[in-house]
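Fold and contact review
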Number of protein chains: 2
Amino acid sequence: MPDYDAIKKDLEGIEVEDNPKLVRQKSRDFFWYSPILKDQLENVTADLVVSPASEEEVIRTLKVAYAHGVPVTPRGSGTGNYGQAMPLSGGIILNLARMTKVKEIGPGRVVCEPGAIIADVDRQTKAHSGQELRFHPSTANTATIAGFVAGGSGGVGSINWGGLRDLGNVLRLRVVTMEAEPRVLELSAWDLQKVTHAYGTNGIITEVEMPLTVSYDWVDVLVGFDDFMGAVRFADALAHENGILVKEIAPIAAPIPFQYFSRHKQYVRPDQSVVVTMVAPHAMDAFLAFAGKMKGEIVFRADTLESLKGLPQAFELTWNHTTLRALKVDPTITYLQVQYPSPDHVAKVAEMTRLFGDEVPGHLEFMRFSGKIQCSGLPLVRFTTKERLEEIIRIHEDHGCPVFNPHRYTLEEGGMKRTDAVQLTFKKETDPKGLLNPGKMIAWENPDFDFSAGKTFLFPGLSDFAEA
Amino acid sequence: MPDYDAIKKDLEGIEVEDNPKLVRQKSRDFFWYSPILKDQLENVTADLVVSPASEEEVIRTLKVAYAHGVPVTPRGSGTGNYGQAMPLSGGIILNLARMTKVKEIGPGRVVCEPGAIIADVDRQTKAHSGQELRFHPSTANTATIAGFVAGGSGGVGSINWGGLRDLGNVLRLRVVTMEAEPRVLELSAWDLQKVTHAYGTNGIITEVEMPLTVSYDWVDVLVGFDDFMGAVRFADALAHENGILVKEIAPIAAPIPFQYFSRHKQYVRPDQSVVVTMVAPHAMDAFLAFAGKMKGEIVFRADTLESLKGLPQAFELTWNHTTLRALKVDPTITYLQVQYPSPDHVAKVAEMTRLFGDEVPGHLEFMRFSGKIQCSGLPLVRFTTKERLEEIIRIHEDHGCPVFNPHRYTLEEGGMKRTDAVQLTFKKETDPKGLLNPGKMIAWENPDFDFSAGKTFLFPGLSDFAEA
Ligand SMILES: Cc1cc2nc3c(=O)[nH]c(=O)nc-3n(C[C@H](O)[C@H](O)[C@H](O)COP(=O)(O)OP(=O)(O)OC[C@H]3O[C@@H](n4cnc5c(N)ncnc54)[C@H](O)[C@@H]3O)c2cc1C
Ligand SMILES: Cc1cc2nc3c(=O)[nH]c(=O)nc-3n(C[C@H](O)[C@H](O)[C@H](O)COP(=O)(O)OP(=O)(O)OC[C@H]3O[C@@H](n4cnc5c(N)ncnc54)[C@H](O)[C@@H]3O)c2cc1C
């Protein structure tokens, strides 16, 4: 057991918390979404929470932790769903939530501290010059920008820009290494892939530079359909319309909207599936004409309501908020993350819908994936047993729909990130003692693990990027 | 012969020109690009040029022309390539070049008069609020906005937004009808298709509302490759990168850049093919990393040159400017407009390149077409005979590459616009005497013409848009 009295002394001047109840609070994220992770991680807790106010304090903290051989798990707001921010080996939670400054805004760029809340970044860039981030998770109102870069994948806006895996969607990161004398690295272009979606295992992000796009007063619109596949076909056709600017396209199957969207249920019939969209104001005419042609019923549009009081923004019905809303009503529900590769994505969705019916109510997110429109799914699952859950996953994969398993806490088993020799070499350089968020990167813990085995990864391996 | 003295009297107060030399000048466009149209249209001329300064004067002119039964052919800057603006039956040229005002700019929208020069619109929207048009023809510095809407198809920016055929890429048009008492129609959504790319046969556009997007100081970059297919593969891969923001991607085969780009030839080797791109400043890092991985050589980048004096903007090397530059050096050259449908577009280009070699030097424009990346081509053709030109077209079509024939002056034969019953009904309402730009819409001249016959049209028929 490390000598925490000595550690606290070494950290003097930096905010530290050791009240076990408060430490436990900051040792948890949204792992409980998964009935499987819930069992596995329930008792995980750190020993100390350290909350630096500057990069200098981050460096001091890592230096001290390194000297004492104590694990460090970084944390933004702890909204991750796979226990990413949970300290499997105890030690220090490095809480970045006090470093919230937006430091610089330029045409197409913003520079911020790691703990900046995403919606705050958008508010400031919009006020400054009518700009906003290209995309954000549906947790924008609570999640941090570095937590998104280190733990997320994509979100609202990915229909236009793809995800964090795509070159150009993060511009630059400053990263502090976990060494006797921590170094500060500036990463850009290919090198970013070493740190994006690496769960903080490869260094602590202390500054983030993100690309911006133009911001609009997006109009929330819900389009109703009598059957889910009608909604899916509309979503797919809309996503292929070059000229109709939208920021979000999510078909959600009945009975989800009526049963679980408590504030919006007044607008939908029990048997109605909906497509949740966010439309640019100047695209509304074209959008409405197109929805009409596809026989969609406009059941909700925010720009004609007298008051939006009490209604969440539409994006808080989408991505993993769909799951959250269902869980609130029915705690036995869980979910999957499925990819339906183009060009057969609509047919694949139809097949899964036919096979599982209401055991796996559909929820899709349309997005650009390597330049092609396809959909990812976050379907709900009416959970019965672990065995049945594994079976549902297997059936999806047998039908050519890779599942990124949200019931695994390692990078590789979740299918999120392919680790390889380049990644390992980088970790050896930046975290030689393996103290950063231990237990999350199998390649490090168990070099004999078979990474490839035909599995699909969302974030490809680094050797894929090397100049061939 | 109409009584032009009476007509001039009726038009008193409106600017009128009847000097035959000046009238002939305003009766011509870039039809001479095509050796075939050159023969056919060489002697076409109008009798009178009328240059209204306001919508009111447009209405008065149409009223007078209707009363006298005189044909009216609208004209912007006369940069069309298919004789669109040429008065086949003489009569009046309605010159809109004096109506140039940008009337209103808002978030995502601009309203202007028909004769506004496209680059001026961009300058004003940029100065006003950092906005610009989604896409423009490479003639932006000379062409008018209504001429583009009525005679063009797409251009620089179509890689992100598609073309004029796409719902949402024109917001609203005001159109004056050719009747005893001309009416003013306001068209939006589906109805716009009646007037876009209709060569002015369905009414005179007096106001245009277009969507805007964010403007950047786009960086001109030329990437060199040893062989054309290397350039094509880079272009295709770049077009599929979600996160790298570019406005233009045009692969151009050797020897075109060295032989015909007189100002840029200093930057390329004689045997080098290039990809002409325009890159957002904040995307340069990612762009250069990506080009490096694809073994592209950065032969020109505008952001590191001391002076750009004497160099045209890169977009004036693309679209039909590629052809223009070749024609200036070698007047025997002509061109085609080819579509290479996705997902096999790269393979189709490879096959055509193999078949024709230097007889048809490649020039592609990558763009989004119904939500999918594909390429259109404006390959040069080393013209020998009409028969060989027709054969080259047939071979393309036999290989699944539709050709929009730029050697035809009618809407339908060029393959640009499918006319149908809806279109005809609209024309009967707006131009009952058939006085607007006569001779350009075969469906009107010859109702027995077989429009469909399996042909591909760029602008689909109106019945395709009707609510099914
Ligand atoms: C309701 C709900 C909806 C969601 N929707 C989305 C969505 O649309 N898209 C999406 O991608 N995700 C989504 N998520 C997952 C998660 O919210 C996002 O990834 C979010 O951006 C994480 O931010 P955070 O600040 O909460 O990070 P945390 O959960 O605190 O951390 C995430 C990971 O990043 C690491 N980390 C945090 N800060 C740093 C740092 N400074 N340096 C290095 N590593 C660091 C942590 O160790 C952890 O591994 C959702 C989750 C919930 C509960
Ligand atoms: C070098 C070169 C490059 C080009 N590049 C492109 C390109 O990138 N993309 C592209 O789409 N085209 C291109 N073109 C074709 C042409 O330049 C464009 O379509 C251009 O926008 C036409 O504008 P204009 O003002 O010259 O129209 P004009 O040639 O004057 O007119 C075009 C058509 O519109 C009609 N018209 C004009 N004004 C009105 C009005 N107010 N109401 C109704 N009808 C009207 C005319 O009768 C005519 O049929 C190119 C041409 C050249 C010579």
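The rules behind these values
- Residues numbered from 1 in each chain as written.
- Chains lettered and ligands numbered in written order.
- Predicted model: local features only at pLDDT ≥ 70, side-chain atom pairs only at ≥ 80, totals over all residues.
- Heavy atoms only, no water.
- Contact = heavy atoms within 4.5 Å.
- Buried area = accessible area lost by both parts, 1.4 Å probe.
- Salt bridge = Lys/Arg side-chain N within 4 Å of Asp/Glu carboxyl O.
- Polar contact = N/O pair within 3.5 Å; in protein donor to acceptor, adjacent residues only side chain to side chain.
- Helix = DSSP H or I, 4+ residues; strand = E, 2+ residues; numbered from the N terminus.
- Nonpolar A, V, L, I, M, F, W, Y, C, P; charged D, E, K, R; others polar.
- Pairing = 2+ DSSP bridges.
- Axes fitted to C-alpha atoms, helices over the stretch in contact; angles between N-to-C directions.
- Near = heavy atom within 4 Å.
- Areas by Shrake-Rupley, 256 points an atom, 1.4 Å probe, with all protein chains shown as cover.
- Least-squares fit on C-alpha atoms with pLDDT ≥ 70 in both.
- Buried < 20%, exposed > 50% of the residue type's maximum accessible area, 1.4 Å probe, protein only.
- Lys, Arg positive; Asp, Glu negative; His and termini not counted.
- UniProt positions renumbered as here; feature names shortened; annotations may be inferred.
- Left-handed = near helix turned anticlockwise from the far one by under 90°.

1. Description of the interface of chain B and chain A
At the junction of the two partners, chain B supplies 45 residues and chain A supplies 45 residues. For the pair chain B and chain A, the two sides together bury roughly 3,400 Å², of which 53% comes from carbon and sulfur. Of all residues in chain B, the largest losses of buried area upon contact with chain A belong to Asn 242, His 282 and Lys 293 of chain B, amounting jointly to 21% of the total for that side. Counting across the interface, chain B meets chain A through 0 salt bridges. Between chain B and chain A we count 14 residue pairs in polar contact (both at pLDDT 80 or more) in total. Sort the elements by how many residues they give to the side of chain B that touches chain A and helix H10 (residues 284–293) of chain B lands first, with 6 residues. Looking at the side of chain B that touches chain A residue by residue, the classes come out as 21 nonpolar, 13 polar and 11 charged.

2. Points about the sheet that holds strand E2 (residues 48–51) of chain A
Each strand in a sheet pairs with another by means of backbone hydrogen bonds, the pair being arranged parallel or else antiparallel. Residues and elements named next belong to chain A. Overall, mixed pairing links the 4 strands, which are arranged E1-E2-E4-E3 in an open sheet. Lying at the two open borders of the sheet, with one neighbouring strand each, are strand E1 (15–17) and strand E3 (72–75). This sheet shows a mean twist of 25° between the axes of neighbouring strands, independent of strand direction. Against the sheet, helix H4 (residues 55–68) contacts E2, E3 and strand E4 (92–95), and its axis sits at roughly 170° relative to E4.

3. Quick notes on the site of ligand 1
Residues and elements named next belong to chain A. The local shell around ligand 1 holds 37 residues, among which Pro 74, Thr 79, Thr 144, Ser 153 and Gly 154 are the closest. Ser 153 is positioned with one of its backbone polar atoms (N or O) 2.7 Å from an oxygen atom of ligand 1. For ligand 1, whose free accessible area comes to 970 Å², the fraction covered by protein is 97%. Going through the elements one at a time, E3, helix H6 (145–151), strand E10 (204–214) and helix H11 (320–329) are the ones with two or more residues in the shell around ligand 1.

4. Focus: the relation of the copies chain B and chain A
The transformation that overlays chain B on chain A combines an axial shift of 0.0 Å with a rotation of 180°, and the residual RMSD is 0.0 Å. Both chain copies can therefore be described as sitting about a two-fold axis. No C-alpha of chain B lies nearer the rotation axis than that of Val 214 of chain B, which sits 2.9 Å from it. Most of the interface of chain B is mirrored in chain A: 100% of its interface residues are interface residues there too.

5. Regarding the environment of Leu 245 of chain A
Note on placement: Leu 245 of chain A falls in the loop between helix H8 (228–239) and strand E12 (246–252). Setting aside its immediate chain neighbours within four residues, Leu 245 of chain A contacts Asn 160, Tyr 216, Trp 218, Val 279, Ala 280, His 282 and Ala 283 of chain A together with Arg 134 and Trp 161 of chain B.

6. A look at the side chain of Arg 368 of chain B
By the secondary structure assignment, Arg 368 of chain B is in strand E17 (residues 364–369). Put simply, Arg 368 of chain B is tucked away with no salt bridge, and the nearest opposite charge, on Asp 166 of chain B, sits 8.8 Å away. A distance of 3.4 Å separates a polar atom in the side chain of Arg 368 of chain B from the backbone oxygen of Ile 159 of chain B. Residues contacting Arg 368 of chain B, with those up to four places away along its chain left out, are Asn 242 and Arg 368 of chain A together with Ser 158, Ile 159, Asn 160, Gly 162 and Ile 373 of chain B.

7. Observations regarding the UniProt feature "domain: FAD-binding PCMH-type" (unreviewed entry) in chain A
Look at the UniProt record and you will see "domain: FAD-binding PCMH-type" (unreviewed entry) annotated at residues 42–215 of chain A. As annotated, residues 42–215 of chain A has a helix share of 21% and a strand share of 26%, and its two end C-alpha atoms lie 40 Å apart.

8. Side note on the packing of helix H12 (residues 345–356) of chain B against helix H13 (residues 386–398) of chain B
All names here are of chain B. Axis separation between H12 and H13 bottoms out at 11 Å; the angle between their running directions is 150°. At the point where H12 passes H13, the crossing takes the right-handed sense. Contact with H12, carried on its side by Met 352, Leu 355 and Phe 356, involves Arg 388, Ile 392, Ile 395 and His 396 of H13 and no other residues of that element. Partitioned by chemical class, the residues of the contact of H12 with H13 number 5 nonpolar, 1 polar and 1 charged.

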